[in-house]
Every structure is written in structure tokens, then in C-alpha cells.
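One-letter residues, chain by chain:
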Amino acid sequence: MLIETGETMPLRTSDDVVRVRQAVRLRAVGAGFSLVDQTKIVTAASEIARNTVDYGGGGVLRIEVLRDGRRQGVRLTFTDQGPGIPDIALALKDGYTSGGGLGLGLSGAKRLSNEFAITSAPGHGTTVTLARWK
Amino acid sequence: MSEIPILKIGDCLLVSIQVDMHDRLAMALQDDLTQRIVADRARGVMIDISALEIVDSFIGRMLNNIAAMSRVLDAVTVVVGMRPAVAITLVELGLALTGVRTALNVDKGLAMIRSIIDNAERADAHRDR
Amino acid sequence: MADTAFATLVEKHQKTLLKDWLAAQKRDGTARDPIADAASADLARQFLDQLRNGAAGGRFDDITAPDWAPMREVLEDFSRARATQGFSPTETAIFVFSLKEPLFDMLRRELGADAEQLARHTWAVMRLLDGLGLYTIECYARTREDVIGRQQQELLELSTPVVQLWDGILALPLIGTLDSARTQIVMENLLERIVESGAEIAIIDITGVPTVDTLVAQHLIKTISAARLMGADCILSGIRPQIAQTIVHLGLELNVISKATMADALGLALRRTEKVIVDRAKVHGAGD
């Protein structure tokens, strides 16, 4: 599997979240994703980007376009140096009906992705990696 | 004042979301709408999202909030024009639009608001007899 | 060492090899018209270049090695083109095999004095070309599978059209066994049609579907949820007893109204859209 191309974007303001949506959309289109697949990964990106800005104190997104044989994919890595998530399992369990709170975007973004990984610890920031394949 | 125009059609308010909203804009819209519902004595609120390519949990919460606030102010909220890709993604996302009615387009949305208001008035009249 | 000698020989005799090879192709009947001939000549040149490059690494026994990657790419493109143009797999492989004779001739001329070297090189080159020829057949087969897959898809899209039964009422008669990927496409298509036509009710008829597995059922459920989110609704019709059993057995919650036949579903849809069908004779009475 190789990384065909990539870019890094800052995630500090809600304007950055909009920019992230547009950038991820462009990459998904470039990788030949169907409209539904584009929508899914851009929505997942929006969720995590928001978390990074709102709860992570801002951070960075790395977008990579991947190729594995004939398949093309898009991988997103969100990193922040924020307070970290104390209980990841719990954060992943939350549904949207439980109202506001930390990490609600996580479970949804995970459902929208083919691959999803998260590392986080209090005081050590958070890294979320998700990928979608065509 | 939000940059999203709010139109008045009879006793309904129509909002057409054209841009990829950032969070401040979404909050401003919620505030504006609430004020306008009271100021114009609106009975219905129609939110046209046919231009939205993405509806994430934040926008979903905004829609739910608007519906909740309108209900308190005795107005009906209908969201119209949701795109198939958005609907499919929302289902996958697990986002429930609670208290938000939906219709395929503005015409049907207006008809729905009309019929709900009329039914409610009939029920009221019946009770008051 | 002795292995890179081959690469040097190919380079030295490339012009002659090319000429003899193209002549052999004509003899074997793989060349067709002037344009195809020019394309063949171009491809043959590329092949010889890559033969030289790959052989320069000194490895003949493993064409999956990185040295041979550019050669594999050339052959892949070639096979794909031939497959889509309707050539047979044999015709495609013969392109490679017809190079054997010119190569062996060249080896005999250069190494004829040393019988052991000649034998060793001839053997190695023969195995190499066999491997490359077989590779073209593999690529060919893969391309044919892709083409067939695409055709199946198009056939399926044609065979599951969304029809408008009436103002505001669509019907999707599903036919045949559904797999996950196709079901997704068909369902997305239905949702698009709902938007286009402004239909508030879509009847999904599965009379023609012999079995429904968990994945397909999940897609159905998701599609119905999505339609509702958009402001439309669905009615399921044509569920056969076996499918009903499977659904219960799988513990699936089909949160949708289902009717036995499409006719029943249409009746319900008409009522829901406030339409009434009137029997004229009964209304006007006999003699009108």
C-alpha cells in the first residue's frame, strides 16, 4: 500500500472546519469515490474536525490519498494536544440522542468509516485516524 | 444578524440554507429565527436544505433545536429538500431528527404546515365547543 | 555475471530481434491492419526495452520481482487492451511466445560455441517468456471478469427500473438475487427518483427476489429510513412466506408496512395520497 499524495491543514477555528470539509471532498472526488461515499467521509471528517477545534484546543489534520493495488482510499489523521479523552470506550458508545457532550462525533464517524482508530489519554492529547476506501 | 435571509410567506417563515455554514453562522440563524417567529407571529418554519451537501451532527442538533424552540412558540417546523446522499449518511451516522418533520420540497412543506395548522385549529375549535 | 550477459545481448541485437519478431507475428497471424501493426511494433519495442531492463537485474526466475514491474505494467496494459478489443487469450499470449524463436536464434549465433552456456541461457529465457506469456493470460482473464462484472451491473440497472405508477407513487420491482453492492446502487437510485419525481410513496416489491440475507435486509431498512428522513415513505410488497420466515428468523425489525401484493400496496398508496378510484358503472348506474 502506498501513499500517493497528502496535505496537512490547521484546525483552529470553525472556518477551518469548513475548509477541511472542502479539502476532504476534493480528495474524495479525486480518488473516484461515489457521491454517497464522498458524503460519508466528509461528514465523518466534519465530526472529528469539530471535536478537535471545540474540545481538543485546536490541532492538525493530515489528509492522505492511498493506493492498495487497484483500490484507492482516503485516510485522515486528526491530532491535537488537548486534554485527552478519559474513557474512550464510553466516548465511542454515546449516541446522538443523549444531547451535548464530549466525543459524540466519534461513534458516528466510526460508523461512517471503513477503518477507524483512536489513541488518547488525559494530558496527552488525542489522535484519531479514519479511512474510507473506494 | 445572520447572513442567511429569512423570508415570510403568509404566516410561514422560509429559510434557505445555501452555504456551508460555520458554527457561528448556525448559532446566529437559530437566534434570528426565534426572534422572527415571535415578531411575525409565524405558525410555520420551513428550512430548505436542498443546497446542503453535508449534514453533520452539529447541523442536526441545530435543526432539532430550531424545531424545539418553534414548538414552544406554537410554530411547526418542516425541513425540506434533503438530498439522498445526506439522508443515507444520516441514517448511517445514527442521527435522529427528533421533532423535525420533513417534506420533499417547499410546496409539499407548505402543504404539510397548512394541514397541521388546520387540523390543530379544528381540534381546538372542537374542544372549545 | 553470466546472467547479465543476456541483457547485453538483447541490447546489442535489439534491431534484429524486433524485425524478426514482427515477421514472426505476421506469420503466426497476430498482426492485422496497418494501424494495429504500428501499435504492435511500438509495443514490441517497449517489450524489448523492458526485457533488457528486467534482465539487467540478472534474475530470470521470478517475474513478480520488482525488477520486472515495468515489464508487467506493459503487459498488463497490453492484455487489457486486447481483452476489450475482443482478441482471444491465445492471440494475446502468442505475442509474447513468438519472440522465442528470434531470441533462440540470437542465442545460438552468439553462444553457439559454448554448449553449456547456450543450454543454460536457452532454458532460462524459455522459462522467462513462458512466465510472461502466462502473465498476459492472467491479466486478460482479469480484464474479462471486469468487463463481465460491468455488464452485469448495467443489466441489473436496466432490469430494476423505478417506475411511476401514478402521481406521487413510485414502484421498484426488485428481480433476482441481490448482493450487497447492487442493492446499494438500486436503493440509491430509488432515492434519487423520489427527489426527481416528488413522489411521497415508494412501493418496494420483492416478489421476484428468492432470498433475502441480513445485508440486503439491512440495506432495505436503511433505504426506508433514508426515504422517511427525506419526507417520503415506503411500502413493502410481495414478501413470500420463505422470506417472511427468514426475516423473523434473523430477528430483523422491518419497521415498514408490508402488503402481500403490489396491487394491495398500490391500493394503500392511493388511499394515503387521498386518491379514490371510482367504478364508473356503479357511479352513474346502468344506461348512462
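Residues numbered from 1 in each chain as written. Chains lettered and ligands numbered in written order. Predicted model: local features only at pLDDT ≥ 70, side-chain atom pairs only at ≥ 80, totals over all residues.

**Looking at the pairing of strand β5 (residues 126-133) of chain A**
Residue and element names in this part refer to chain A.
- Side-chain alternation along β5 places T126, V128, L130 and R132 on a buried face and T127, T129, A131 and W133 on a face that remains uncovered.
- Direction of pairing for strand β3 (residues 71-80) relative to β5: antiparallel, over a ladder of eight bridges. In the strand pairing of β5, T79 is matched with T127.
- With six bridges connecting them, strand β4 (residues 115-120) and β5 associate as antiparallel partners. Across the sheet, the residue bridging to I118 is V128, located in β5.
- Turn length for the β4-β5 hairpin, with the two strands adjacent in sequence and antiparallel, is five residues, and the turn residue G123 shows positive phi of about 85 degrees. (Buried ≥ 20, exposed ≤ 12 C-beta atoms within 10 Å, placed from the backbone. Helix = DSSP H or I, 4+ residues; strand = E, 2+ residues; numbered from the N terminus. Pairing = 2+ DSSP bridges.)

**Some words on the domain arrangement of chain C**
- The domain architecture assigned to chain C consists of domain 1 (2-156) and domain 2 (163-281).
- Distance between the C-alpha centres of domain 1 of chain C and domain 2 of chain C: 53 Å. (Domains from an automatic or database assignment.)

**Describing the packing of helix α8 (residues 180-197) of chain C against helix α9 (residues 214-230) of chain C**
Residues and elements named next belong to chain C.
- In contact at an axis separation of 10 Å, α8 and α9 are set at 15 degrees when each is read in the N-to-C sense. The pairing of α8 with α9 is recorded here as roughly parallel in orientation. As for the relative orientation of α8 and α9, their crossing is right-handed in sense. In this structure, α8 uses S180, T183, Q184, M187, L190, L191 and I194 to contact α9, whose residues at the interface are L215, V216, H219, T223, A226, A227 and M230.
- Residue composition of the contact of α8 with α9, by class: nine nonpolar, five polar and no charged. (Axes fitted to C-alpha atoms, helices over the stretch in contact; angles between N-to-C directions. Parallel < 35°, antiparallel > 145°, perpendicular 65-115°, else oblique. Left-handed = near helix turned anticlockwise from the far one by under 90°. Contact = placed C-beta atoms within 7 Å. Nonpolar A, V, L, I, M, F, W, Y, C, P; charged D, E, K, R; others polar.)

**Description of the interface of chain B and chain A**
- In this assembly, 19 residues from chain B lie in contact with 22 residues from chain A.
- Breaking the side of chain B that touches chain A down by element, the ones donating at least two residues are α1 (23-40), α2 (57-72) and α3 (84-93) of chain B.
- If one sorts the elements of the side of chain B that touches chain A by residue count, α3 of chain B sits on top with six residues.
- Counted by class, the side of chain B that touches chain A contains eight nonpolar, five polar and six charged residues.

**Considerations on α3 of chain B**
- Among the ten residues that make up α3 of chain B, nine are buried, leaving the element largely enclosed by the rest of the structure.
- Listing the buried residues of α3 of chain B in full gives P84, A85, V86, A87, I88, T89, L90, V91 and L93 of chain B.

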